[in-house]
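Structural description and commentary
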Amino acid sequence: MVGAISILAALAFQPEPAMLRGVFEEALARRQEQFGVFDVRTAQAARDLGMFLGSQGASSDARNILDQVVRIDEKVFGLDAPRTLADVAEMAAVSSSSQAEPLWKRASKSPAAATAARAFAELGKLHALDGDRAGAASFYR
């Protein structure tokens, strides 16, 4: 009983999403000022903001931020680096179907198995939702 009360108390004192967004935005602004736009630490702050926005349903804002992250990754790590393609996958996850497919295809070329597998699964799902069972099956394989 005491554990349940502690959990409820903790949940009651959670900060508002708008306040948290401000914290993430402030952290990004500090990193940009401190390290410049094309820095790994700036990319991480932007990634954190983008992932937060995506979790809050602000897909358009999340996509814009994650697009910046991908551009930083491309400059810092390279076009086909595992980190870059993982962030491409995150951008695909908050994109509309028509925007997501080319991003998932790009992410599917990742040397990181987890990123490639996620991308193939999402491509399969997109094709299944469009009624393309054969296309979906090819991605699921």
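Residues numbered from 1 in each chain as written. Predicted model: local features only at pLDDT ≥ 70, side-chain atom pairs only at ≥ 80, totals over all residues. Heavy atoms only, no water.

**Quick notes on the overall build of the chain**
From N to C terminus, the chain includes eight helices and zero strands. The helix and strand sequence of the chain, counted from the amino end, reads α-α-α-α-α-α-α-α. Sorting the 141 residues of the chain into buried and exposed places 34% on the buried side. A separation threshold of at least 6 residues defines the contact pool for the chain, and within that pool the share at least 24 residues apart is 43%. Element-wise, carbon and sulfur atoms account for 58% of the exposed surface of the chain, whose accessible area totals about 8,400 Å². (Helix = DSSP H or I, 4+ residues; strand = E, 2+ residues; numbered from the N terminus. Buried < 20%, exposed > 50% of the residue type's maximum accessible area, 1.4 Å probe, protein only. Contact = heavy atoms within 4.5 Å. Areas by Shrake-Rupley, 256 points an atom, 1.4 Å probe, with all protein chains shown as cover.)

**Thoughts on a nonpolar patch on the surface**
A surface patch of nonpolar side chains, about 410 Å² in accessible area, is lined by V37, F38, V40, V76 and F77. Looking at where F38 falls in the secondary structure, it is placed in the loop between α2 (17-35) and α3 (40-55). (Patch = residues over 30% accessible without salt bridge, like charges linked within 9 Å, V, L, I, M, F, W, Y side chains within 5 Å. Salt bridge = Lys/Arg side-chain N within 4 Å of Asp/Glu carboxyl O.)

**A closer look at the pattern of salt bridges**
Scanning the model with the defined rule gives 11 salt bridges in all. When the shortest N-O distance is used, the salt bridge between R21 and D61 registers 3.1 Å. Of the two residues, R21 is situated in helix α2 and D61 in helix α4 (residues 59-76); the sequence distance between them amounts to 40 residues. Judged by relative accessible area, which is 31%, D61 ranks as partly exposed. Here R47 makes a salt bridge to D87, at a shortest N to O gap of 2.8 Å.

**Examining the environment of V76**
Inspection of the secondary structure puts V76 in helix α4. By relative accessible area, V76 is classed as partly exposed at 33%. Taking C-alpha positions, V76 is 7.3 Å from V40, a pair spaced 36 residues apart along the chain.

**Side note on α3**
For α3, which comprises 16 residues, the first-to-last C-alpha distance of 22 Å matches the rise-based estimate of 22 Å (1.5 Å per residue) to within 8%. For α3, every residue scored as buried is listed here: T42, A43, A45, A46, R47, L49, G50, F52 and L53. For α3, the N-terminal capping position is held by D39, with its side-chain oxygen 2.8 Å away from the main-chain nitrogen of R41. Positive backbone phi, approximately 85°, marks G57, located one or two places after α3. (Expected span 1.5 Å × (residues − 1). Polar contact = N/O pair within 3.5 Å; in protein donor to acceptor, adjacent residues only side chain to side chain.)

**Focus: the packing of aromatic side chains**
Inspection of the entire model under this criterion finds one aromatic pair. Across the ring face of F35, the terminal group of R41 is positioned such that the distance to the ring centre comes to 3.6 Å. (Phe/Tyr/Trp six-rings, centres within 6.5 Å; stacked < 30°, edge-to-face > 60°. Lys NZ or Arg CZ within 6 Å of the ring centre and 35° of its normal.)

**A few points about the confidence of the model for the chain**
Put simply, the chain has an average pLDDT of 90, and 89% of its residues get 70 or more. Averaged over each element, pLDDT in the chain is lowest for helix α1 (residues 2-12) (59) and highest for helix α5 (residues 82-93) (97). (pLDDT = per-residue confidence, 0-100.)

**Side note on the nonpolar core**
Among the nonpolar cores identified, the biggest contains 25 residues, and L53, V88 and W104 are the most heavily contacted of them. Every element with two or more residues in this core is listed here: α3, α4, α5, α6 (97-107) and α7 (113-129). Contact partners of W104, with chain neighbours within four places excluded, come to A89, A92, A93, R118, A119, E122, L123 and L126. (Core = buried A, V, L, I, M, F, W, Y, C linked by side-chain atoms within 4.5 Å.)

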